[in-house]
Each structure stands twice: as structure tokens, then as C-alpha cells.
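Given next are the chains, with one letter for each unit.
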Amino acid sequence: MAIFGALKTYTMKKIAVFTSGGDAPGMNACIRAVVRTGIYKGLEVYGINRGYEGMIEGDIKRLYSHSVSNIVQRGGTMLKSARSEEFRTPEGRKKAYENLRSLGIEGLVAIGGDGTFTGAKLFFEEFGIPTVGCPGTIDNDIYGTDYTIGFDTAVNTALEAIDKIRDTAAAHDRIFFIEVMGRDAGFIAVESGIGGGAEFVMVPETQTDLKSVVKSLKNLRKTKTSSIIVVAEGDDLGNAEEIMQKVKTAIKDPEKEFKVTTLGHIQRGGKPTARDRVLASRCGMAAVEGLLSGKTNCMAGVMNQQVVYTSFGDCIGKPKPLIEDHLKLIDILSI
Ligand code: F6P
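By the naming in an unreviewed UniProt entry, the protein is ATP-dependent 6-phosphofructokinase, taken from Algoriphagus confluentis. UniProt annotates the protein under Sequence similarities (unreviewed entry) with the comment "Belongs to the phosphofructokinase type A (PFKA) family. ATP-dependent PFK group I subfamily. Prokaryotic clade 'B1' sub-subfamily." UniProt, in the comment section headed Subunit (unreviewed entry), describes the protein in these words: "Homotetramer."

> What is the right way to look at the packing of aromatic side chains in this model?
The description of an aromatic ring pair rests on the distance of the ring centres and on the angle between the ring planes. Applying the stated criterion to the full structure yields 8 aromatic pairs. Ring geometry for Phe117 against Phe312: centres 4.9 Å apart, planes inclined by 15°, an arrangement best described as stacked. Taken as a pair, Phe117 in helix H4 (residues 114-127) and Phe312 in helix H10 (residues 312-317) lie far apart in primary sequence, 195 residues in all. Exposure remark for Phe117: the relative accessible area of 0% places this residue in the buried category. Ring geometry for Phe123 versus Phe127: centroids 5.4 Å apart, planes at 55°, classification tilted. Of this pair, Phe123 and Phe127 both sit in helix H4, separated by 4 residues, roughly a single helical turn.

> For this particular structure, what's the right way to read the confidence of the model for the protein?
Interpretation of the predicted coordinates at a detailed level should be avoided for regions scoring low in pLDDT. Residues of the protein with pLDDT of at least 70 account for 97%, and the chain-wide mean is 95. Scored below 50 in pLDDT, residues 1-9 shows 7 contacts in the model against residues more than four places distant or in partner chains.

> Help me understand the UniProt feature "binding site: Mg(2+)" (unreviewed entry) in the protein in this model?
The UniProt record annotates "binding site: Mg(2+)" (unreviewed entry) at Asp114. We classify Asp114 as partly exposed; its relative accessible area is 38%. Once residues within four sequence positions are removed from consideration, Asp114 is found in contact with Ile142 and Ile316.

> Which parts of the structure should I look at to understand the pattern of salt bridges?
Close approach of charged atoms allows side chains of opposite charge to pair. A full pass over the atoms with the stated rule returns 18 salt bridges. Between Lys14 and Glu44 there is a salt bridge whose closest N-O contact spans 3.8 Å. Here Lys14 is found in strand E1 (residues 14-19), whereas its partner Glu44 is found in strand E2 (residues 44-48), with 30 residues between them in sequence. Looking at Lys14, the relative accessible area reads 22%, which means it is partly exposed. Between Asp23 and Arg268 there is a salt bridge, with the nearest N and O atoms lying 2.7 Å from each other. Remark: Arg268 occurs in the loop between strand E9 (257-262) and helix H9 (274-292) and Asp23 occurs in the loop between E1 and helix H1 (27-40); sequence separation between them is 245 residues.

> Got a minute to help me understand the UniProt feature "active site" (unreviewed entry) in the protein in this structure?
In the numbering used here, UniProt assigns the feature "active site" (unreviewed entry) to Asp139. Residues within four places of Asp139 in sequence aside, it is in contact with Thr148, Phe151, Gly182, Ala185, Phe187 and Ile188.

> Quick question: what am I supposed to make of a negative patch on the surface here?
A contiguous patch of negative charge on the surface is contributed by Asp114, Asp184, Glu205 and Glu233. Mapped onto the secondary structure, Glu233 falls in the loop between strand E8 (227-232) and helix H8 (240-251).

> Please clarify how the side chain of Asn297 should be interpreted in this entry.
Of note, Asn297 is situated in the loop between H9 and strand E10 (298-303). Classification of Asn297 as buried rests on a relative accessible area of 17%.

> For this particular structure, what's the right way to read unusual backbone geometry?
With the exception of glycine, most residues fall at negative phi, and the peptide bonds are largely trans. You will see that Asn140, though not glycine, has its phi angle at about 60°, which is positive. Residue placement: Asn140 occurs in the loop between strand E5 (131-135) and helix H5 (151-172).

> Please explain the nonpolar core as it appears in this structure.
Across soluble globular proteins, nonpolar side chains have a tendency to be buried as a group. Grouped together as the largest cluster of nonpolar side chains are 59 residues, with contacts concentrated most on Val17, Val109 and Ile228. When near neighbours in sequence (up to four residues on either side) are disregarded, Val109 contacts Ala16, Val17, Phe18, Val34, Val132, Cys134, Ala287, Val288 and Leu291.

> Sorry if this is basic, but what is going on with the state of the cysteines here?
In protein structure, a disulfide is the covalent linkage between the sulfur atoms of two cysteines. Counting across every chain of the model gives 0 disulfides. In this structure Cys298 is a free cysteine whose sulfur lies 8.0 Å from that of Cys315, the closest cysteine sulfur available. Using a relative accessible area of 7% as the deciding quantity, one classes Cys298 as buried. Note on Cys315: relative accessible area 3%, which makes it buried.

> Got a minute to help me understand a nonpolar patch on the surface in this structure?
Taken together, Leu329, Ile332 and Leu333 make up a surface patch of nonpolar side chains, about 280 Å² in accessible area. In this structure, Leu329 sits in helix H11 (residues 324-333).

> Looking at this model, I keep getting lost on H9. Mind explaining?
Count 3.6 residues to each turn of an α-helix, and residues three or four apart come out pointing the same way. The end-to-end C-alpha separation of H9 is 27 Å, in line with the 27 Å expected for 19 residues at 1.5 Å each. Among the residues of H9, Asp276, Leu279, Ala280, Cys283, Gly284, Ala286, Ala287, Val288, Gly290, Leu291 and Leu292 are the ones counted as buried. Taken from the residues just after H9, Gly294 is the one with a positive phi, measuring 95°.

> Is there a simple way to explain the site of the ligand in this structure?
Looking at the ligand, the residues that line it are Arg83, Ile138, Asp139, Met181, Gly182, Arg183, Glu233, His265 and Arg268. For the ligand, an oxygen atom lies 2.9 Å from a polar atom in the side chain of Asp139. In the environment of the ligand, an oxygen atom lies 2.7 Å from a nitrogen or oxygen atom belonging to the side chain of His265. For the ligand, the accessible surface in isolation is 400 Å², of which the surrounding protein chains cover 80%. Of all the cavities here, the one that holds the ligand is the largest pocket. Residue composition of the shell around the ligand, by class: 2 nonpolar, 2 polar and 5 charged.

Reading guide: rules and limits
- Residues numbered from 1 in each chain as written.
- Predicted model: local features only at pLDDT ≥ 70, side-chain atom pairs only at ≥ 80, totals over all residues.
- Heavy atoms only, no water.
- UniProt positions renumbered as here; feature names shortened; annotations may be inferred.
- Phe/Tyr/Trp six-rings, centres within 6.5 Å; stacked < 30°, edge-to-face > 60°.
- Helix = DSSP H or I, 4+ residues; strand = E, 2+ residues; numbered from the N terminus.
- Buried < 20%, exposed > 50% of the residue type's maximum accessible area, 1.4 Å probe, protein only.
- pLDDT = per-residue confidence, 0-100.
- Contact = heavy atoms within 4.5 Å.
- Salt bridge = Lys/Arg side-chain N within 4 Å of Asp/Glu carboxyl O.
- Patch = residues over 30% accessible without salt bridge, like charges linked within 9 Å, V, L, I, M, F, W, Y side chains within 5 Å.
- Areas by Shrake-Rupley, 256 points an atom, 1.4 Å probe, with all protein chains shown as cover.
- Lys, Arg positive; Asp, Glu negative; His and termini not counted.
- Charge placed at Lys NZ, Arg CZ, Asp CG, Glu CD.
- Core = buried A, V, L, I, M, F, W, Y, C linked by side-chain atoms within 4.5 Å.
- Disulfide = S-S within 2.5 Å.
- Expected span 1.5 Å × (residues − 1).
- Near = heavy atom within 4 Å.
- Polar contact = N/O pair within 3.5 Å; in protein donor to acceptor, adjacent residues only side chain to side chain.
- 1 Å grid on protein atoms, 1.4 Å probe; cavity = no way out; pocket = protein on both sides within 12 Å on 5 of 7 lines; lining within 4 Å.
- Sits in = over half its atoms within 2 Å of the grid points.
- Nonpolar A, V, L, I, M, F, W, Y, C, P; charged D, E, K, R; others polar.

Have a look at this one:
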């Protein structure tokens, strides 16, 4: 391994990394990249347990290269994750700052989603500790990166389930409503729906028209005996169970059987895919390099194969629309 350049002197000496919000497969690969890039650049790297909660409680430990051995392939996060109410208060943030200051920590890498970045932005504005983020959420709903860490794994987990359900749906000529995660975003539903050959995909970003779903399902019945409908949990018509009841009532066919499967948190765990591990590693390295080059208040993401830094303001504030072609594909391929 080439080590030349590793001894260059940088003004920043100590940084810390933490994961916050909903966990996502690939967070460990990202932590590993942050720790090893930091050490490579001559820094002391610390890990903060349980996100902002641990920052407030001072639950912070030094991490070494061996501390992140054997985690690249694991789901979850070795630093654990939490949603902190106390960090929303000025007193909580002050405590967090005091803990970082007492350890001499001069820069942070925050791995998480929009809630994580909202906290980091406020913290930087109040206390001036530079923070660079990495996009860690299965929902893929962060502006400034084509994909978020964990999304690819979650889609593949959903897809595996859809394939299995398709077998039994076909064997019994049933209509299945499969609920996937996505409170505000339909990316998982759309990509698992395309990959799984779903007849319909229902997402929060578009209005679901019950009448046209019922009409299409009736038409489909002339050529297909079973159907798969993927529902993002945040769809405007309700959750999968509620939508199934509405469709069932409207179809009025006592012969037809309707079933609901909710995939739930299974989508948040498991071994990260190669794509997630590579993305996580790139973002982790870029976050440390960004901090060392004086960047702050921004996220390191990957767009069009290139690392890009996007301000937290844009990551949080700008919507990330679904890909138009993806929606078109579902319509065309389900006939
Ligand atoms: O990680 C994002 C997400 O998976 C959403 O799609 C989902 O609604 C939410 O987290 C549920 O998270 P939790 O159960 O941790 O509150």
C-alpha cells in the first residue's frame, strides 16, 4: 500500500465521527473510511456513540485503524444511532460543545440524513465547529447525491421479498399489496417496483388515483391472474392495508383474494451491497478531505460519478424529485 504523503502536516489535529437518525447499511463502511483516511492524514480520530446523545453525554472514544477492522461488511452502525431531543435545546448543544472542546476535537463528520444535517448546521452556526456530512439513509431523499448510503441494499432487500411474494401470488392468483419504507419519499418503492415487475407503484410524491387503479386492475385481470402493487408507507391514500381495503371494496369481486405484506425494518438491516460499500467509502474519505481543505456545513455526496460538496442548507431545503423515466417505465412495463 502506498503511504507517501501520509505525513503531511495539517492544522486540524483531532476529528470525530458519529452516526445519527435511522441507521442504514453501509454506515460502518463509511465510519471505517473516515477513521482510516483521518489516520492516513495524520489525525487523531474519535468516535461518538449514539449520535448527538453521546455528544451531550460525552460518550466519545478514540478510534484506531484496528477499531474499524471487520466492519465493512456489517449492517447497522458500530457507533450506534439515536434521535436526540436534548440536542434540539440550546442547553443540550452547549453541553455537546463543552465535551468536544475538552477533548480538543476541531472537526466533525456526521453520517445521517436531513435531521442530522439540520442539527449540524445549527451547531456550526452557534459554536463554529466545522462539520462535513455523509448521506446515510435508506430513503435516498437527500439533495446533493445521486444515491444515499444504504439505499441500494434496502432496494435489493425489498426486491428479494417481492420475488418471493410473486411466486406465491401467482400460485394462488392473488393481488398483493407490498408496503416498503419511505415516509416522505418513494425511491425504494419505485426502484424495487421496477426491478420486481410491479403492476403499480404508489408513492408520496404523486397523487394516487384510486379509480384509475381499480379500472386498470380490472383490465389487467383479462391477461394476468395475479398482481403486485408496491406501496411506499407515506402514500397519500394511506398505508398498504388501508389502500388494499379501499381497492377491495371498489373492485367488488368476492372471488378475488387480496393480501398485504409490510416489509418494515428488515429493509434497514443486512450486509451492505458492493455499491453501498463503495459509495460509503468514497463519501467517508471525501468528508475528511473536505474538512482538511477547510470545508464545513456541507455534505460530501457523489453525483455523475464525481464527489461533490453540497451545503447543508441545500441538502435539507431542496427537494429531490423521483426520476421521470422511472415512473414512465412502471406504466409501460406493467401492461
Ligand atoms: O430511515 C428512514 C426510515 O426508514 C423511513 O423510511 C421510516 O419511515 C423511518 O425511517 C422509520 O424509522 P424508525 O422506526 O427508526 O423511527
